[in-house]
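Given next are the chains, with one letter for each unit.
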Amino acid sequence: MYVLYCRHMQHFFVNEDFGKGPVTIRDDEILHQLIKVLRFRVGDELVLLDGKGGRAAGKIEELHKEAAKIKIEKLEHCEKPGREVRLYAAISKKPETFELIVQKATELGATMITPLFCARCQVESVRKPERLKKIIKEAAEQAERIFLPEMGEVLKLEELIKNLPEGKFLAGDARDYDKKLGEMDFDGSQNLVIGPEGGLTDEEILKVREAGGIIFSMNENVLRMETAAIAALAIVQAKCLR
């Protein structure tokens, strides 16, 4: 079975066409990882992904500091799941906080990650968006994901409410909530909002409810935003696997 064949191989996202014979990789970061970090040799096996459903198991035919030549031995295209889990996380003052959220959201299977500007956010933009894309790629490789999650542009909460995607609308608040997240069902797609340090304002909570959203809590403790994002995604994904 193909899934078993590639389960224990190292995964790499590449911008290459798998269907035209051997694949030549010239990406410096991948080459560094292959040669210096993982100590790969000619004959070693790996998995290449295009981030759009293409997955290829291959064997290294050539490997040096300029390029790696990979012989494709198995190739398949996977259908994207119809269910979406979109995370809208408030922009944090510390870049490393948002980077942690992006990394763990990718590992936990979020299909879209969007920086959200709320009333209590202390900054209006994310720093180094290209670094966030790199974090997504590396986390997706580590988690052996087939599809890369989409990194959305900064969005205001009001804009999200006006153009809410299909699916359940959920927003976290430890003090004024409608339901415990662990007691809910998660059929279909999910739109998950995690507010900033200090939480959503009363006005924002009201707007979420008026839009048909559900305010949730996870336990009796007030969590940091990065902890809340990770815990909420873990609960949603675990419930969906049951």
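The present account deals with the structure reproduced in this document. (Residues numbered from 1 in each chain as written. Predicted model: local features only at pLDDT ≥ 70, side-chain atom pairs only at ≥ 80, totals over all residues. Heavy atoms only, no water.)

### Regarding the overall build of the protein chain
Here comes step 1: Counting its regular elements, the protein chain contains seven helices and 13 strands.
Here comes step 2: Seen through its principal axes, the protein chain has C-alpha atoms that stretch 60 × 35 × 30 Å.
Here comes step 3: Restricting to contacts in the protein chain with at least 6 residues of sequence separation, those with at least 24 account for 73%.
Here comes step 4: The protein chain carries 38 positive and 41 negative side-chain charges, and their two centres are separated by 3 Å. (Helix = DSSP H or I, 4+ residues; strand = E, 2+ residues; numbered from the N terminus. Contact = heavy atoms within 4.5 Å. Lys, Arg positive; Asp, Glu negative; His and termini not counted. Charge placed at Lys NZ, Arg CZ, Asp CG, Glu CD.)

### Some thoughts on helix α6 (residues 202–210)
Here comes step 1: Three or more residues of α6 are buried, namely Glu204, Ile205 and Val208. When α6 is viewed along its axis, its buried side chains cluster within an angular range of 100° and face the same direction. Exposed residues pointing more than 90 degrees away from the buried face of α6 are listed as Asp202, Glu203 and Glu210.
Here comes step 2: In this structure, the buried side of α6 is in contact with α5 (157–162), β10 (168–172) and β13 (214–217).
Here comes step 3: With its phi angle positive at about 90°, Gly212 sits one or two positions after the end of α6. (Buried < 20%, exposed > 50% of the residue type's maximum accessible area, 1.4 Å probe, protein only. Arc of directions from axis to C-beta.)

### Let's talk about the nonpolar core
Here comes step 1: The biggest cluster of nonpolar side chains holds 44 residues, and the ones touching the most others in it are Leu87, Val102, Leu170, Leu181, Ile194 and Phe216.
Here comes step 2: Here this core takes six residues from helix α7 (residues 225–240), the largest share from any one element.
Here comes step 3: By size, the runner-up hydrophobic cluster in this structure holds 15 residues, among which are Leu31, Leu34, Phe40 and Leu46. (Core = buried A, V, L, I, M, F, W, Y, C linked by side-chain atoms within 4.5 Å.)

### Focus on the state of the cysteines
Here comes step 1: Per the stated rule, a full pass over the model turns up zero disulfides.
Here comes step 2: Counting only cysteine sulfurs, Cys121 is the nearest neighbor of Cys118, a cysteine outside any disulfide, at a range of 4.6 Å.
Here comes step 3: A residue is classified by how much of its surface remains accessible, and Cys118, at 1% relative accessible area, is buried. (Disulfide = S-S within 2.5 Å.)

### Quick look at the environment of Met112
Here comes step 1: Position of Met112 relative to the elements: it lies in strand β7 (residues 112–117).
Here comes step 2: Spatially, the C-alpha atoms of Met112 and Glu45 are 30 Å apart, while their sequence positions differ by 67 residues.
Here comes step 3: If sequence neighbours within four positions are ignored, Met112 has contacts with Val85, Arg86, Leu87, Pro149, Glu150 and Gly152.

### Section: α7
Here comes step 1: In this model, α7 (16 residues) spans 22 Å end to end at C-alpha, consistent with the 22 Å of a helix rising 1.5 Å per residue.
Here comes step 2: Where α7 is concerned, the buried positions are Met225, Glu226, Ala228, Ala229, Ala232, Leu233, Val236 and Gln237. Projected onto a plane normal to the axis of α7, the buried residues spread over an arc of 165° and lie on a single side.
Here comes step 3: Elements in contact with the buried residues of α7: β6 (85–90), α3 (95–107), β12 (190–194) and β13. (Expected span 1.5 Å × (residues − 1).)

### Focus on the sheet that holds strand β3 (residues 45–49)
Across a sheet, paired strands are connected by hydrogen bonds in the backbone, their directions being either parallel or antiparallel.
Here comes step 1: Taken in spatial order, the five strands make up an open sheet running β1-β3-β4-β5-β2, and their pairing is mixed. The open sheet has two free edges, formed respectively by β1 (10–13) and β2 (23–25), since each of these has just one partner strand. The sheet shows a mean angle of 40° between the axes of neighbouring strands, taken without regard to direction.
Here comes step 2: Two strands pair when backbone bridges link them, and β1 and β3 are joined in this way by four bridges, in the parallel orientation. (Pairing = 2+ DSSP bridges. Axes fitted to C-alpha atoms, helices over the stretch in contact; angles between N-to-C directions.)

### Topic: a positive patch on the surface
Here comes step 1: Taken together, the side chains of Lys36, Arg39, Arg41 and Lys65 present a region of like positive charge at the surface.
Here comes step 2: By the secondary structure assignment, Arg41 is in the loop between α2 (28–37) and β3. (Patch = residues over 30% accessible without salt bridge, like charges linked within 9 Å, V, L, I, M, F, W, Y side chains within 5 Å. Areas by Shrake-Rupley, 256 points an atom, 1.4 Å probe, with all protein chains shown as cover. Salt bridge = Lys/Arg side-chain N within 4 Å of Asp/Glu carboxyl O.)

### So, unusual backbone geometry
Here comes step 1: With a phi close to 50°, Lys128 is a non-glycine residue in the positive phi region.
Here comes step 2: Positioned with a positive phi, Glu144 is a non-glycine residue whose angle comes to about 55°.
Here comes step 3: Take Glu144: it is sitting in the loop between α4 (129–142) and β8 (150–151).

### A few points about the side chain of Glu99
Here comes step 1: As for its placement among the helices and strands, Glu99 is situated in helix α3.
Here comes step 2: With residues up to four places along the chain from it excluded, the contact list for Glu99 reads Arg131, Leu132 and Ile135.

The analysis is restricted to geometry; functional conclusions fall outside its scope.
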